Amino acid sequence: FCLMAAPGKVAAFHLPPLPTVGEIIKLFRLKAQKQLSQNFLLDLRLTDKIVRQAGNLKNAHVCEVGPGPGGITRSILSAGVEELLLIEKDARFIPGLQMLSDAAPGKVRIVHGDILTYKMEKAFPKHLKKNWEDEPPNIHIIGNLPFSVSTPLIIKWLANVSKKDGPFIYGRTQMTLTFQKEVAERLVANPGGKQRSRLSIMSQHLCTVENCFVIPGEAFVPKPEVDVAVVHFTPLVQPKIEQPFELVEKVVRSVFQFRRKYCFRGIETLFPESGRLKRTEQLMMTANVDPTLRPCQLSMSQFRNLCNTYRKMCDEDPSLFVYNHREELKQKKKNKKSLLKSTNQPKQTDEEDQL
């Protein structure tokens, strides 16, 4: 690599001449796999634009999730990062990424592994750690995520934000990630919006979430059926709902279970059948939430009230938190089936009995 600098200016990092991303795809015969929902972004102007949303990456430590053929990787390296960690699940991409690593000696670490199981606690040097109340550390997570991974991964990372572990053990690590346009709209949806969902509450109560820009589907190879949006996350110093992640998620999931009905209907599922109505009324009355509001109409402060009140009820009756509405329904179904079986079973003949 070469360092070129104008007098009085900081030297900028430049990659040496390399095959284009398209040429690397041909060279290593890389084909996007539909079952892994892979879509390649070849336009370096767009990859540069994604990387710019992360902010100033000069001397930063960056983790790129699923670099694939390395389009965004080139843009990150050109931004002058100190170190770039690449986590790639698909072994076919490793040789092409190795070429980029060789072109930027000492800057790139390649891990062949799954981001959903990779231990991010040890991904970066310890000296980068900052207190949660301080400015975010000089660490960034960037990724053009496969659609099949994006939602479970952001939920996992939001749980990490809540517990201040995983990549957030270093402080309020920022993330710049791609999602299906519709998922991005859910992440940033305001109360009353038709895209308001569980994802809106879970992300916005823990992070500042910004929908940066939309990339049309035709910019990708192969072209997905939907457009893609770039979303930037910065964890909040103080979460808007100060309760454990699992409790908030349980309440929010229950509320949105029947999104077209009154919120009362979903909140009911937090309680066992015996005493359900009384407890639901108690929760809604104490939380000061109108039972005839639709789930998408509830504000963040109303969700906070619901979570705080439900927590008090769980403290008084610990069996409440482990109660699972779906398990109760399954058990009822099972009991009904076995009852029908026992009442409808015809008497066996002696011959059948012997058999």
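It should be noted that the structure appears before, not after, this text.
All of these numbers come straight from a predicted model, not from anything done at the bench. (Residues numbered from 1 in each chain as written. Predicted model: local features only at pLDDT ≥ 70, side-chain atom pairs only at ≥ 80, totals over all residues. Heavy atoms only, no water.)

K.L.:
What is the right way to look at the sheet that holds strand 8 (residues 174–180) in this model?
P.N.:
Note on sheets: strands pair through backbone hydrogen bonds, and any given pair is parallel or antiparallel. With mixed pairing, the seven strands of this open sheet are ordered in space as 6-5-4-7-8-11-9. The two strands at the open ends of the sheet, each matched to only one other strand, are strand 6 (108–112) and strand 9 (207–215). Mean inter-strand twist for the sheet, computed between neighbouring axes without regard to direction, equals 20°. Taken strand by strand, helix 5 (residues 147–163) contacts strand 4 (61–65), strand 7 (139–143), strand 8, strand 9 and strand 11 (228–235), and its axis lies near 150° from that of strand 8. Packed on one face of the sheet, helix 6 (residues 181–188) meets strand 8, strand 9 and strand 11 and runs near 130° to strand 8. (Pairing = 2+ DSSP bridges. Helix = DSSP H or I, 4+ residues; strand = E, 2+ residues; numbered from the N terminus. Axes fitted to C-alpha atoms, helices over the stretch in contact; angles between N-to-C directions. Contact = heavy atoms within 4.5 Å.)

K.L.:
Would you mind going over helix 11 (residues 300–316) with me for this structure?
P.N.:
Here helix 11 contains 17 residues, and its C-alpha end-to-end distance of 25 Å stays within 8% of the 24 Å for a straight helix at 1.5 Å per residue. All of the buried residues in helix 11 are Met 300, Gln 302, Phe 303, Leu 306, Cys 307, Thr 309, Tyr 310, Met 313 and Cys 314. Tucked inside the fold, the buried residues of helix 11 contact helix 7 (198–204), helix 8 (245–255), helix 9 (263–268), helix 10 (276–287) and helix 12 (319–322). (Expected span 1.5 Å × (residues − 1). Buried < 20%, exposed > 50% of the residue type's maximum accessible area, 1.4 Å probe, protein only.)

K.L.:
Sorry if this is basic, but what is going on with the nonpolar core here?
P.N.:
Across soluble globular proteins, nonpolar side chains show a tendency to be buried alongside one another. Core analysis: the largest hydrophobic core is formed by 66 residues, its most contacted members being Trp 157, Leu 177, Phe 179, Phe 233 and Leu 306. At eight residues, helix 5 tops the list of elements feeding residues into this core. Both domains that meet at this core, namely domain 1 (21–235) and domain 2 (245–337), each give it at least three residues. Here Phe 233 is in contact with Ile 154, Gln 174, Met 175, Leu 177, Phe 179, Leu 187, Ser 203, Cys 207, Thr 208 and Val 209, once residues within four sequence places are set aside. (Core = buried A, V, L, I, M, F, W, Y, C linked by side-chain atoms within 4.5 Å. Domains from an automatic or database assignment.)

K.L.:
It is not clear to me how the pattern of salt bridges should be interpreted in this structure. Could you clarify?
P.N.:
Where charged atoms from two side chains of opposite charge come close, those side chains can pair. Tallied over the full model, the rule gives 13 salt bridges. Close ionic contact of Lys 330 with Glu 327 constitutes a salt bridge, the shortest N to O distance being 3.7 Å. Separated by three residues within a single helix, Lys 330 and Glu 327 lie in helix 13 (residues 325–344), roughly one turn from each other. Counted as one network, the salt bridges with shared partners bring together Arg 198, Glu 249 and Arg 253. (Salt bridge = Lys/Arg side-chain N within 4 Å of Asp/Glu carboxyl O.)

K.L.:
Got a minute to help me understand the packing of helix 5 against helix 8 in this structure?
P.N.:
Packed helix pairs are specified by the crossing angle of their axes together with the interaxial distance, meaning the distance between the axes. At a closest axis distance of 10 Å, the pairing of helix 5 and helix 8 adopts a crossing angle of 130°. On the basis of their axis angle, the class for helix 5 and helix 8 is oblique. From helix 5, Ile 155, Leu 158, Ala 159, Ser 162 and Lys 163 reach across to helix 8, where they touch Phe 245, Glu 246 and Glu 249. (Parallel < 35°, antiparallel > 145°, perpendicular 65-115°, else oblique.)

K.L.:
I keep staring at the packing of aromatic side chains and nothing clicks. Help me out?
P.N.:
The geometry of an aromatic ring pair is captured by two quantities: the separation of the ring centres and the angle between the planes. Taken as a whole and judged by the stated rule, the model has five aromatic pairs. Between Phe 124 and Tyr 170, the aromatic rings sit 5.4 Å apart at their centres with planes inclined by 80°, giving edge-to-face as the arrangement. With a gap of 46 residues between them, Phe 124 in the loop between strand 6 and strand 7 and Tyr 170 in the loop between helix 5 and strand 8 connect regions that are remote in the sequence. Classification of Tyr 170 by relative accessible area gives buried; the value is 1%. (Phe/Tyr/Trp six-rings, centres within 6.5 Å; stacked < 30°, edge-to-face > 60°.)

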